[in-house]
Amino acid sequence: MRVLKNILGQLHVYVVWLILSAVLWGFVFNFVTDAPAEKKLVLFAEVEQCEDQALSARLEEGKPDGIRLVQAHSFNYVLFDEAGLLNADLYIVGAESVGDYRDSFAPLDLTRLNTEGLTLLELDGKPCGIRVWDGQTGSAGAYLGYGAGEYYLFIGANSVHAGRKDCAAYWMIDELLKLP
């Protein structure tokens, strides 16, 4: 009885240690499984449903040299990683939301893309978006639950993979456009 009373008297200490341990192991897990921006490609999609793990795994199959990790997330993931959204490499956004995120998009380098058969969206007179969903069909529909209307794929203005470090973002665009 005395031992039980002693344990219960120190319960608050055990709870604090449990919380601190969980935070520490969460940090360690994130450190081990994540990669710096130069070594990963990140896609954020403003869609109703995103099979993020399946899409990430599919895109990782043929990733270019120097890329260690490919991540796909819906915009709902932003609740946990707002900085990640601002520094993403690619975005898929519904046509009605393009104006809301305009500052996050960079113009496309058309010399790095085969534009045959693509519908491009111009912003400020420059090609910035590629239509990936026309309301009924398009790219990556097996992984992304698009809503009604058109959706466009954009390169992030802060992406290091759009020509500053390498052109891996254009590789990812090609891969996304191939997906059913």
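Keep in mind the model is a prediction, meaning the values are calculated, not measured.

**Observations regarding the confidence of the model for the chain**
- In the predicted model, the chain carries a mean pLDDT of 89, and the fraction of residues at 70 or more is 92%.
- Mean pLDDT in the chain bottoms out at helix α4 (residues 82-86), which sits at 72, and peaks at strand β9 (residues 151-156), which reaches 98.

**Side note on the nonpolar core**
- Within the largest apolar cluster, 33 residues are counted, with the highest numbers of intra-cluster contacts made by L144 and L176.
- Those elements giving two or more residues to this core turn out to be β1 (40-45), α3 (52-60), β3 (69-74), β4 (90-94), β7 (126-133), β9 and α6 (168-178).
- A per-element tally of this core places α6 first, with 7 residues.
- Apart from the residues lying within four places of it in its own chain, the contact partners of L144 are A45, V47, Q49, C50, L55 and I92.
- With 14 residues, the next largest nonpolar core counts V42, F75, L85 and C128 among its residues.

**Here we look at α6**
- Burial analysis of α6 places 8 of its 11 residues in the buried class, the great majority of the element.
- Looking only at α6, the buried set comprises A168, A169, Y170, W171, M172, I173, E175 and L176.
- On its buried side, α6 packs onto β1, α3, β3, β4, β7 and β9.

**Observations concerning a nonpolar patch on the surface**
- Taken together, the side chains of M1, V3, L4, I7, L8, L11, Y14, V15, I19 and V23 present a nonpolar region at the surface, about 1000 Å² in accessible area.
- Mapped by element, the contributors of at least two residues to the nonpolar patch are α1 (2-9) and α2 (11-33).
- Top contributing element to the nonpolar patch by residue count: α2, with 5 residues.
- Examined against the element boundaries, V15 turns out to sit in helix α2.

**Section: the pattern of salt bridges**
- Throughout the structure, instances matching the rule amount to 7 salt bridges.
- The salt bridge involving R131 is made with E150; its shortest N-O contact spans 3.1 Å. Remark: E150 occurs in the loop between β8 (144-145) and β9 and R131 occurs in strand β7; sequence separation between them is 19 residues.
- Here E150 falls in the partly exposed class, since its relative accessible area comes to 28%.
- Between D166 and K165 there is a salt bridge; the shortest N-O distance is 3.6 Å.
- It is possible to trace a salt-bridge network through shared partners that takes in R58, E61, E175 and K178.

**Quick notes on the layout of surface pockets**
- In this structure, the second largest pocket occupies an estimated 230 Å³ of space.
- Residue lining of the second largest pocket: 12 residues in total, with Q53, S56, V70, Q71 and H73 positioned closest to the centre.
- Only α3 and β3 provide two or more residues apiece to the lining of the second largest pocket.

Calculation rules
- Residues numbered from 1 in each chain as written.
- Predicted model: local features only at pLDDT ≥ 70, side-chain atom pairs only at ≥ 80, totals over all residues.
- Heavy atoms only, no water.
- pLDDT = per-residue confidence, 0-100.
- Helix = DSSP H or I, 4+ residues; strand = E, 2+ residues; numbered from the N terminus.
- Core = buried A, V, L, I, M, F, W, Y, C linked by side-chain atoms within 4.5 Å.
- Buried < 20%, exposed > 50% of the residue type's maximum accessible area, 1.4 Å probe, protein only.
- Contact = heavy atoms within 4.5 Å.
- Patch = residues over 30% accessible without salt bridge, like charges linked within 9 Å, V, L, I, M, F, W, Y side chains within 5 Å.
- Areas by Shrake-Rupley, 256 points an atom, 1.4 Å probe, with all protein chains shown as cover.
- Salt bridge = Lys/Arg side-chain N within 4 Å of Asp/Glu carboxyl O.
- 1 Å grid on protein atoms, 1.4 Å probe; cavity = no way out; pocket = protein on both sides within 12 Å on 5 of 7 lines; lining within 4 Å.
- Points joined across faces, edges and corners; volume = space filled by probe spheres on them.

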